[in-house]
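Below, each chain spelled out in residue letters.
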Amino acid sequence: MRHTTIGDRSVSALCLGAMKFGSQTDDATSAALLDRFVEAGGTFVDTADCYQFWVEGFEGHESETFLGRWRRERGITDEVVIATKLGSQPTVPGTGAETKEGLSAAAVATAAERSRERLGVDRLDVLYAHHEDRSVPMEETLGAFAKLVAEDEVAELGLSNHRTWRLERARAVTEANGWPRPRVLQYRYSYLQPRFDRPLASTGHTHVTPELLDFVREEAAEGREHTLVAYTSLLWGAYTRPEKAAGLDPVYDHPGTPARLAVLDEVARETGATRNQVVLAWLMDSDPRVVPLVGVSSLDQLNEAIEATDLTLSAEQWGRLADAG
């Protein structure tokens with residue numbers, strides 16, 4: 001499997017999303033998927049402290065709790081990097097975003113401690129602020145994150161679903177205070193591009209924009225590297241399942257979508273790969289570098305994604321895909 005880096009650490013170029021593990025995906029299947037991923041060389045797993053509170057019957061800590069149990073049962077230590085997120089877990093059972101924990105210093109400290117306990121680790125590998133919390137000064141949140149790093153309770157910091165101008169403000173705040181900067185960025189991103197003049201229907205999702213890509217490139221040119229992690233990279237199966245494509249967010253209903261799908265099919269035929277595999281390879285070959293995050297519920301789906309890490313597109317194919325639509 002290909003590898004890339006997060007900060008100073010090597011990780012697999014494919015990230016396995018554990019959102020449904022221990023909840024909608026039963027324990028036996030969840031464990032089998034994780035075992036296969038690790039067997040294939042996968043070393044990067046993603047979760048959050050709120051997965052999946054919005055599904056009836058679950059409270060939001062199921063994924064972290066399951067991953068902690070899997071680590072203990074398999075004897076997993078630091079060979080697998082587990083990234084988690086805080087800030088969006090409701091503080092009142094049965095409620096939603098209106099009671100979310102937020103990003104105050106106290107909330108950050110408490111949530112991080114609970115995530116470490118559930119995952120069974122002394123130090124979190126990667127910790128993201130899940131969503132913006134504009135009710136709290138950014139200095140307070142980033143100061144709390146810096147304290148966690150200083151106390152060796154977190155290795156790498158990240159920001160998810162933040163507007164690009166907020167990333168620049170975070171850079172300025174951390175630089176001014178001598179704090180560690182968030183070097184991992186998680187956003188929704190796939191080959192099909194939405195209309196940016198309309199909001200995504202999925203609450204809380206923030207899509208990669210051309211401005212954000214430009215920001216990451218310029219940061220790298222000035223010696224400040226970021227790792228960009230792309231969730232919903234396969235659009236819930238819409239590339240290969242007609243019923244999913246039919247229900248795709250209306251922001252994809254524009255002339256660029258069929259144009260991109262046509263080129264996607266061309267490249268799939270040329271490479272002998274599936275649509276999904278070409279999408280994942282296109283993301284992995286992108287500039288700036290992108291780590292696709294995939295959520296799967298079967299070994300067939302996982303194996304298809306794993307095989308994509310061996311697919312290298314030619315520069316001409318990548319450019320043709322990028323320029324379509």
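Residues numbered from 1 in each chain as written. Predicted model: local features only at pLDDT ≥ 70, side-chain atom pairs only at ≥ 80, totals over all residues. Heavy atoms only, no water.

- The name that an unreviewed UniProt entry assigns to the chain is Aldo/keto reductase, with the source organism given as Nocardiopsis tropica.

## Here we look at the side chain of Thr25
Phase 1 of the analysis: Mapping Thr25 onto the fold places it in the loop between strand S3 (15-17) and helix H1 (27-39).
Phase 2 of the analysis: Using a relative accessible area of 6% as the deciding quantity, one classes Thr25 as buried. (Helix = DSSP H or I, 4+ residues; strand = E, 2+ residues; numbered from the N terminus. Buried < 20%, exposed > 50% of the residue type's maximum accessible area, 1.4 Å probe, protein only.)

## A short note on the packing of helix H2 (residues 62-74) against helix H3 (residues 105-119)
Phase 1 of the analysis: Taken N-terminus to C-terminus, the directions of H2 and H3 make an angle of 40 degrees; their axes are 7 Å apart at the nearest point. It follows from the interaxial angle that H2 and H3 lie oblique. Where H2 approaches H3, its residues Glu64, Thr65, Leu67, Gly68, Arg71 and Arg72 are matched on the opposing element by Ser115, Arg118 and Leu119.
Phase 2 of the analysis: The residue inventory of the contact of H2 with H3, partitioned by class, reads 2 nonpolar, 3 polar and 4 charged. (Axes fitted to C-alpha atoms, helices over the stretch in contact; angles between N-to-C directions. Parallel < 35°, antiparallel > 145°, perpendicular 65-115°, else oblique. Contact = heavy atoms within 4.5 Å. Nonpolar A, V, L, I, M, F, W, Y, C, P; charged D, E, K, R; others polar.)

## Here's the deal with the nonpolar core
Soluble globular proteins tend to pack their nonpolar side chains together in the buried interior.
Phase 1 of the analysis: Counting residues in hydrophobic clusters, the biggest one holds 80 residues, and the most contacted among them are Tyr191 and Leu321.
Phase 2 of the analysis: No other element matches the 7 residues that helix H9 (residues 275-284) contributes to this core.
Phase 3 of the analysis: Core analysis: the next-biggest nonpolar cluster, separate from the first, contains 13 residues, Ile6, Val11, Tyr128 and Val229 among them. (Core = buried A, V, L, I, M, F, W, Y, C linked by side-chain atoms within 4.5 Å.)

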